[in-house]
Amino acid sequence: MTTNTNTNTNTAANTTAHTHSAGRIDFAKAAPKVFRALIGFDAAAREGLDPALVELIQIRSSHLNHCAYCLHMHTNDARKAGESEDRLHMVAVWREAQHFFTARERAALALTEAVTLIADGGVPDDVYAEAAAQFDEQELAHVLSLILTINTWNRVALSTGKVAGTDERR
């Protein structure tokens, strides 16, 4: 068994905000073409979608994937876009607080959960049918694309050890 003897060491490395865990790659620098392609995919996925819905989807996926970096980023983005604190606090428990969300938002959140947790049984027909009832084909394709992009971003952030609170877009 090993113990971490550096937990209370006050060094520059411990006190300076870092965007990556030690020893992890900077994905944008290491694979710039892939990174730009992902940015393009993300931008295309959002087209035509309500910005509040975009943030709710990204927040819920980030909850499920335990991605603190993306959760911090998207809750801040949602606040800047005018989202209420009440709704932000309820996203993780939206099923128990359905009155905070529209039918479209609830359908998108259910689809986000099913796609994010796809290994747990796929996307149930009733979840897909409800989303298809709330969105036209093009909107549904964009919602699905957005769910795919945030899941990819979550995996990039988690794999490269991104640190919450260090939004590099600024």
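Residues numbered from 1 in each chain as written. Predicted model: local features only at pLDDT ≥ 70, side-chain atom pairs only at ≥ 80, totals over all residues. Heavy atoms only, no water.

A. Layout of the nonpolar core. The biggest cluster of nonpolar side chains holds 36 residues, and the ones touching the most others in it are Ile 57, Cys 70, Leu 111, Phe 135 and Val 143. Those elements that place two or more of their residues in this core are α3 (32–46), α4 (51–64), α5 (68–80), α7 (103–116), α8 (125–134) and α9 (137–159). A total of eight residues in this core trace back to one element, the largest contributor, which is α9. The contacts of Phe 135, once residues within four sequence positions are left out, are Leu 53, Arg 104, Ala 107, Ala 108, Leu 140 and Val 143. (Core = buried A, V, L, I, M, F, W, Y, C linked by side-chain atoms within 4.5 Å. Buried < 20%, exposed > 50% of the residue type's maximum accessible area, 1.4 Å probe, protein only. Helix = DSSP H or I, 4+ residues; strand = E, 2+ residues; numbered from the N terminus. Contact = heavy atoms within 4.5 Å.)

B. Here's a closer look at α7. End to end, α7 covers 20 Å across 14 residues, agreeing with the expected 20 Å (1.5 Å per residue, within 8%). The buried count for α7 comes to 11 of 14 residues, which makes it a mostly enclosed element. Glu 105, Ala 107, Ala 108, Leu 109, Ala 110, Leu 111, Thr 112, Glu 113, Ala 114, Val 115 and Thr 116 are the residues of α7 that are buried. The secondary structure elements touched by the buried residues of α7 are α4, α6 (85–90), α8 and α9. (Expected span 1.5 Å × (residues − 1).)

C. Spatial organisation of the packing of α5 against α9. Axis separation between α5 and α9 bottoms out at 8 Å; the angle between their running directions is 125°. On the basis of their axis angle, the class for α5 and α9 is oblique. Each of Tyr 69, Cys 70 and His 74 in α5 lies in contact with α9, whose residues at this interface are Ile 150, Trp 153, Asn 154 and Ala 157. Of the residues that constitute the contact of α5 with α9, the class distribution is five nonpolar, two polar and no charged. (Axes fitted to C-alpha atoms, helices over the stretch in contact; angles between N-to-C directions. Parallel < 35°, antiparallel > 145°, perpendicular 65-115°, else oblique. Nonpolar A, V, L, I, M, F, W, Y, C, P; charged D, E, K, R; others polar.)

D. Focus on the environment of Gly 23. Relative to the helices and strands, Gly 23 is located in the loop between α1 (12–15) and α2 (27–30). Owing to a relative accessible area of 82%, Gly 23 belongs among the exposed residues under this scheme. Sequence separation of Gly 23 and Thr 160 is 137 residues, and the distance between their C-alpha atoms is 8.9 Å.

E. Looking closely at the side chain of Thr 112. Note on placement: Thr 112 falls in helix α7. Sequence-distant contacts of Thr 112, that is, excluding residues within four places in its chain, are made with Ile 57, Arg 60, Ser 61 and Ile 147.

F. Looking closely at the packing of aromatic side chains. Per the counting criterion, the structure on display carries two aromatic pairs. For the ring pair Phe 27 and Phe 35, a centre distance of 6.4 Å and an interplane angle of 65° mean the geometry is edge-to-face. Relative to Trp 153, the ring of Phe 35 lies with its centre 5.5 Å away and its plane at 75°, an arrangement referred to as edge-to-face. You can see Phe 35 sitting in helix α3 and its partner Trp 153 sitting in helix α9, a full 118 residues away along the chain. For Trp 153, a relative accessible area of 17% translates into the label buried. Put simply, the rings of Phe 27, Phe 35 and Trp 153 touch in pairs and so form one group of aromatic residues. (Phe/Tyr/Trp six-rings, centres within 6.5 Å; stacked < 30°, edge-to-face > 60°.)

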